[in-house]
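Each chain is listed here by its residues.
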Amino acid sequence: QVQLVESGGGSVQSGDSLRLSCAASGRTSSIYTMGWFRQATGKEREFVASIGWSGGSPFYADSVKGRLTISRDSAKNMGYLQMNSLKPEDTAIYFCAARRSWSPQYDYWGQGTQVTVSS
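These numbers come from a predicted model, not from an experiment.

(A) Local environment of the overall build of the protein chain. Looking only at helices and strands, one finds 0 helices and 11 strands in the protein chain. Mapped from its N terminus to its C terminus, the protein chain presents α and β elements in the order β-β-β-β-β-β-β-β-β-β-β. Scaling as 2.2 N^0.38, a compact globule of 119 residues should have a C-alpha radius of gyration of about 14 Å, and the protein chain matches this with 13 Å. The dimensions of the protein chain, computed from C-alpha atoms along their principal axes, are 40 × 25 × 25 Å. Counting over 119 residues, the protein chain shows a buried share of 43%.

(B) Seen up close, the side chain of R38. Tracing the backbone through its elements, the reader meets R38 in strand β4 (residues 31–39). Accessibility expressed as a relative area gives 6% for R38, which makes it buried. Among the polar contacts listed, one links the side chain of R38 to the side chain of E46, at a separation of 2.6 Å. Here D90 takes part through its side chain, which lies 2.9 Å from a polar atom of the side chain of R38.

(C) Structural context of the pairing of strand β5 (residues 46–52). Counting buried positions over the 7 residues of β5 gives 5, a clear majority of the element. With 6 bridges connecting them, β4 and β5 associate as antiparallel partners. If you follow T33 over to β5, its bridge partner there is G52. Between β4 and β5, which pair antiparallel in sequence order, lie 6 residues; one of them, G42, sits at a positive phi of approximately 80°. Sheet topology note: the β5/strand β6 (residues 59–60) ladder contains 2 bridges and is antiparallel. From the neighbouring strand, A49 faces β6, where its bridge partner is Y60.

(D) Structural context of the environment of S50. One can find S50 in strand β5. Of the residues examined, S50 reaches a relative accessible area of 9% and is grouped as buried. Along the sequence, S50 and I70 sit 20 residues apart, while their C-alpha atoms lie 6.9 Å from each other. Each residue touching S50, except ones within four places of it in the same chain, is listed here: T33, M34, G35, P58, F59, I70 and Y106.

Procedures and definitions
- Counting restarts for each chain: residues are numbered from 1 in the order of the written sequence.
- Since the coordinates come from a predicted model, pLDDT governs what is reported: local features require at least 70, and pairs of side-chain atoms require 80 or more to be given and counted, while whole-chain, interface and lining totals use all residues.
- Hydrogen atoms and water are omitted, and side-chain values are computed over all heavy atoms in the structure.
- Here a helix means four or more residues in a row that DSSP labels H or I, a strand means two or more in a row labelled E, and each is numbered from the N terminus.
- Each radius of gyration is computed over the set of C-alpha atoms, and the globule rule expresses the reference value as 2.2 Å times the number of residues to the power 0.38.
- For each residue, the accessible area found with a 1.4 Å probe, counting protein chains only, is set against the maximum for its type, and the residue is called buried under 20%, exposed over 50%, and partly exposed in between.
- Here a polar contact is taken to be a pair of N or O atoms separated by no more than 3.5 Å, where protein atoms must pair a possible hydrogen donor with a possible acceptor and residues adjacent in sequence count only if both atoms sit in side chains.
- Pairing between strands is defined by DSSP: at least two bridges between the two strands are required.
- Working rule for contacts: check all heavy atoms of both residues, and any pair within 4.5 Å makes them a contact.

Structure follows, in structure tokens:
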């Protein structure tokens, strides 16, 4: 099992920045990919970004390219999502998730952290 705990959310103004963190614990050696997802009120959860736990190129949703940057420090069992130039439409609960190499979907999820961006 892998446990994920997000932190770093908050309320900011349009154009501000936030850095979300995701602390992984448990069987972290089984993590193959770490991803970030978000869910706005009344909407379905959507993919934001992902990165290989041991390295590799990150992937981003078109809506966040150039503004959000995913990174990880596997030695510290930490994942990050740096969010710059935030917009009101970025308001959502942000979840980190982890996928094992053989799994077709993300296996483990954090509880989420709220990000609210005011205009």
